[in-house]
Every structure is written in structure tokens, then in C-alpha cells.
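# Structure assessment
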Amino acid sequence: MKINRILAALAMIFTASSAFAGSIDYLSNQSADYLRTFCRNASTDADSVHYNPAATAFMKDGVVLYLSSQTILRTYSGELISPATEPLGKNDVYESKKPSPIVPNFYGIYKKDNYAVFVGAGLIAGGGSVDYKDGVAMMVIMGAQNKPVALAYQNGYLKGSSLYYFGSAGGSYALNEALSVSLTARYVYAKKTFEGKANYLVGATPVSQEVDAEKTAQGIGGIIGVTYKKDAMILAARFETPTRLNFKTKVHDNKSFGSTFVDGSKQRYDLPAMIGLGGSYTIDKLMISASFDGFLIGLTNYDDDGYSEDYDPFGYEVSASAEYAVIPDFLKVSAGYMYANVGGNSDTYNDFDYSLDSHSVGIGGRITPITNLDLVLGIGKIHYVTSKGQSGTTEYKKDVWNFAFGAEYRI
């Protein structure tokens with residue numbers, strides 16, 4: 001019996017379903033300030049290293065250090081809704097509620113005269129860990145579809161993680177008082193882990209399969225930025241090249257889930273190219289901002305079981321925010337909204353990859369308790385659009401809250 005068909009899609013697991021925002025891979029939440037606005041592409045704070053790197057050339061001379069951490073509370077679920085398959089499962093809803101308690105970001109900037117150099121570090125993609133204690137809906141469906149003899153799903157579990165660490169370094173240069181440019185190199189190390197077991201019955205005979213495997217890859221990409229500053233207005237743009245990632249598989253103790261994972265095999269799965277556009281305008285104590293991120297999925301490889309051609313060729317995010325200086329130089333409050341159409345659709349949704357569109361709202365603020373120190377608080381709620389997969393047997397849902405705290409210190 002070809003039991004390995006049950007989780008044939010396992011090799012694609014957690015590449016998108018773990019993502020907080022962004023496209024089918026990218027994480028857009030790269031600072032505590034992001035959570036309070038969802039709109040940072042025209043940032044002139046320290047997180048501009050990521051969102052608007054050319055703006056670092058317009059900062060005051062000196063050193064800026066920024067550290068923040070996010071706590072993500074999330075529920076991912078797949079609910080069996082087909083009468084033909086629902087009775088086969090022990091649970092109608094298969095879900096993971098595992099949080100990510102610490103998701104850090106760090107940025108450092110040195111500014112002198114008309115140039116700046118900077119570094120950054122954090123998680124650029126992935127999104128942490130999941131723990132499906134009762135297995136996933138696909139275990140039930142594929143067991144029922146197994147030929148020539150159907151497998152009755154009894155119980156199981158599925159754990160995994162997807163973490164794409166990054167370190168970046170670059171510089172910016174102010175060509176004049178209004179225009180600056182930047183160039184950044186970014187190194188990415190990606191690791192995905194898989195652990196699980198599915199137990200079935202064939203008549204009275206128990207049958208099971210296990211997986212214990214990991215995939216790792218590393219690659220380098222580049223970022224080009226430009227910023228225009230005129231009076232109270234800022235306009236910014238950046239282009240991020242694709243990051244080539246060729247994942248190598250390691251199987252532990254021969255637990256390959258029926259040869260679904262092949263020890264030593266490789267799979268190309270690049271981070272897509274993207275463009276970021278932003279603008280802001282300040283009127284007295286009020287700053288209004290807008291951002292756009294476009295993800296060029298159609299330019300990414302589709303070879304070696306990489307991205308499915310069923311993905312949309314283009315994903316995007318649009319956002320707007322307002323920031324008000326309640327007490328100038330002491331307290332700023334902000335709120336923002338973002339809509340994300342990430343590039344997935346019903347043809348791509350399965351238990352391991354459901355990149356749902358979303359609406360996000362964030363609030364928070366910055367307070368300056370002492371000279372040269374800002375403390376940042378951000379709270380974000382992401383509402384995902386519930387969708388069915390292509391087969392119509394499973395309905396996919398996500399629910400995410402994100403809380404972030406950060407500090408920016410200027411020397």
C-alpha cells in the first residue's frame with residue numbers, strides 16, 4: 001500500500017502557513033514599530049535599516065541601536081466539512097495553538113556627515129513552530145483515498161518549525177539634501193524541521209508511518225534603496241533581489257514517512273524578489289503614511305518541486321497609518337491598517353500551505369522617558385479570510401495576535 005501518499009505534500013510544509021504577513025514566504029513584521037502602524041516603508045527611525053535603508057543617510061550623526069521582540073499568539077486550523085470524510089476522523093477540527101514567545105529584531109546604525117553604515121538581524125521568513133496534537137485533516141482524507149484498500153485514521157500528531165534567520169549589512173549615501181541611495185547585502189540561513197506520526201487500521205491490522213527530518217539552506221540577496229526628502233514629505237523605494245535557497249534534506253533514524261523524505265535530496269525554494277514603496281507627510285503634530293509591498297512570485301523558480309505554478313504571479317500588501325505627537329519629544333501614538341493579498345488561492349491551499357489573505361489593524365506608540373532613549377509598544381490583530389481548498393473538503397482558518405516591545409538608543 002502506498003501509505004506515503006498520505007503526506008506527499010509534507011515536503012512543502014510550513015513554508016507559508018506559518019507566515020505572519022507578507023507574501024507566501026516573507027515576514028513583514030520586522031520591528032515593534034511595524035506592529036503599531038503596519039506601514040513602515042517611509043520610516044526614518046532605526047527600523048529604516050530594513051524598510052527604508054536609504055533614509056539612514058539623513059539621520060543625525062552618531063550611533064543608533066535598536067532591539068525589539070514580538071510575542072505571537074496564533075491558532076491555525078483545518079476543519080473537515082465534507083460529509084463523506086468527516087466521520088473518518090477523531091476530530092472535526094485539526095489545529096495548532098503553539099505560540100512564538102520571542103521573535104527578535106536588531107538594527108545598528110553609524111551615521112557620519114553624508115553617509116551611514118548599518119547592520120540588521122532577525123527572522124526574514126518562516127514564522128516559528130506548529131504542533132498539531134491530533135494530526136491534520138489531510139491524514140484523514142488521504143487515508144480514505146488510499147488504494148486499493150482504504151486506511152481508517154486512528155490518531156496521530158504533527159510538529160514542525162520553519163525559521164529563516166538573516167543577517168544584513170550595508171551603507172547609504174546622501175547625494176544632496178533631498179536624495180539618498182543605499183545598498184545592502186543580506187545572508188539567509190533557513191531551517192525546517194518535521195516530526196510526526198499517523199496511525200491507521202486496515203481491518204484489524206494497525207499500520208503507521210513516522211517522520212523525523214529537517215531541511216536546511218543558505219543564500220545571499222541584495223537590496224537597493226532610494227529616498228527623497230522634501231520639507232515635510234518623504235518618498236521611498238527599495239528593490240530586494242531573489243535569494244536562492246537550495247534545501248538539503250536530512251532524515252533521522254530512517255523516519256521518512258514512506259520515503260516522502262529522501263536523505264540527501266535537494267529542493268530549490270527561493271525567496272521571491274520584491275519591491276517596497278512608501279511615503280509620509282507631516283502636518284504639525286500629525287504624520288500620515290502609506291506603504292505598498294509587491295512580491296514577484298512569478299519570477300521565482302518552479303523547478304525541483306519548488307513553488308507551484310498555481311500560485312498567483314504577484315502578491316501585494318497595501319497599508320496606511322497615522323501617528324500623532326501627543327506631547328512632542330515625549331509621547332507619540334499611532335494606528336494603522338493593512339490589507340494583504342499574498343498570492344495563494346484555492347488551488348494552492350492544503351494542510352501544510354494555506355497562504356490566506358488578511359486584514360490587519362495595529363495600535364501603539366513611542367515614549368521618550370530620557371534623552372536619546374525611545375521605548376516602543378505595538379499590538380497587532382490579524383484577521384485572515386477563511387477559505388476552502390480546491391477539493392472543498394477542508395476549510396482553513398487562522399487567528400493571530402501579536403504583541404511587541406522595543407527600545408531605540410542614540411549615542
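Computed from a prediction, not measured in an experiment: that's the story for all the values here.

A count of helical and extended segments in the protein chain gives three helices and 18 strands. In the protein chain, the proportion of contacts linking residues at least 24 apart, taken out of those at least 6 apart, comes to 70%. Carbon together with sulfur atoms contributes 58% to the accessible area of the protein chain, which is approximately 16800 Å² in total.

A separate point is the packing of aromatic side chains. For the structure on display, the rule yields ten aromatic pairs. Cluster of aromatic residues (ring-pair linked, three or more members): Tyr34, Phe38 and Tyr51. The ring of Tyr269 has Lys192 lying over it, and the distance from NZ or CZ to the ring centre is 4.8 Å.

In this section: the confidence of the model for the protein chain. When pLDDT is averaged along the protein chain, the result is 86; 83% of the residues meet or exceed 70. Per-residue pLDDT stays below 50 along residues 1-8; that stretch engages in 29 contacts with residues further than four places along the chain or on separate chains. A low-confidence stretch, residues 83-87 stays under pLDDT 50, and its non-local contacts, those more than four residues away or across chains, total five contacts.

Let us look at a nonpolar patch on the surface. Taken together, Tyr110, Tyr115, Val117, Tyr173, Leu175, Val181 and Val226 make up a surface patch of nonpolar side chains, about 570 Å² in accessible area. Its place among the elements puts Leu175 in the loop between strand E5 (152-174) and strand E6 (179-202).

Our next topic: the environment of Asn29. With respect to the helices and strands, the residue Asn29 is situated in the segment before helix H1 (32-37). A relative accessible area of 3% means that Asn29 is categorised as buried. Distance from Asn29 to Gly380, taken between C-alpha atoms, is 10.0 Å for residues 351 residues apart in sequence.

So, about the nonpolar core. Counting residues in hydrophobic clusters, the biggest one holds 30 residues, and the most contacted among them are Met139 and Tyr153. Looking at this core, the elements with two or more residues in it are strand E1 (62-80), strand E4 (115-132), helix H3 (137-145), E5, E6, strand E7 (205-230) and strand E16 (373-384). Judged by nonpolar contacts, the second largest core, of 19 residues, contains Ala32, Tyr34, Val49 and Tyr107.

Of note in this structure, Asn254 is not a glycine but carries a positive phi near 60°. Here Asn254 shows up in strand E9 (residues 246-256). Assessed through its relative accessible area of 75%, Asn254 is described here as exposed. Its identity as a non-glycine residue notwithstanding, Asp329 has a phi of 65°, on the positive side. Here Asp329 lies in the loop between strand E13 (315-327) and strand E14 (331-341). When its relative accessible area of 73% is taken as the criterion, Asp329 is described as exposed.

Cut-offs used in this document
- The residue numbering used here restarts from 1 in each chain and proceeds along that chain's sequence as written.
- Reporting of local features is limited, given that this is a predicted model, to residues whose pLDDT is at least 70; pairs of side-chain atoms are given and counted only at 80 or more, and all residues count toward the totals for whole chains, interfaces and linings.
- To get the side-chain values, all heavy atoms of the structure are used, and hydrogens and water are removed first.
- Starting at the N terminus, helices and strands are each numbered in turn, a helix being any DSSP run of H or I of at least four residues and a strand any DSSP run of E of at least two.
- Whether two residues are in contact is decided by their heavy atoms: any pair within 4.5 Å suffices.
- Working definition of accessibility: Shrake-Rupley area with a 1.4 Å probe, residue cover restricted to the visible protein chains.
- Any two of the Phe, Tyr and Trp rings considered here, Trp counted by its six-membered ring, make a pair once their centres fall within 6.5 Å; the pair's planes then place it as stacked at under 30 degrees, edge-to-face at over 60, or tilted in between.
- Two conditions define a charge located above a ring, namely a distance within 6 Å from the ring centre to NZ of Lys or CZ of Arg, and an angle within 35 degrees of the ring normal.
- Per-residue confidence from the predictor is reported as pLDDT, a score between 0 and 100.
- Patches in this entry comprise residues that are over 30% relatively accessible and not in a salt bridge; like charges within 9 Å are linked, as are nonpolar side chains (Val, Leu, Ile, Met, Phe, Trp, Tyr) within 5 Å.
- For salt bridges, the criterion is a side-chain nitrogen of Lys or Arg within 4 Å of an Asp or Glu carboxyl oxygen.
- The buried label goes to any residue with under 20% of its type's maximum accessible area, the exposed label to any with over 50%, and the partly exposed label to all in between, with areas taken from a 1.4 Å probe on protein chains only.
- Think of a nonpolar core as a cluster: buried Ala, Val, Leu, Ile, Met, Phe, Trp, Tyr and Cys residues, connected wherever their side-chain atoms sit within 4.5 Å.

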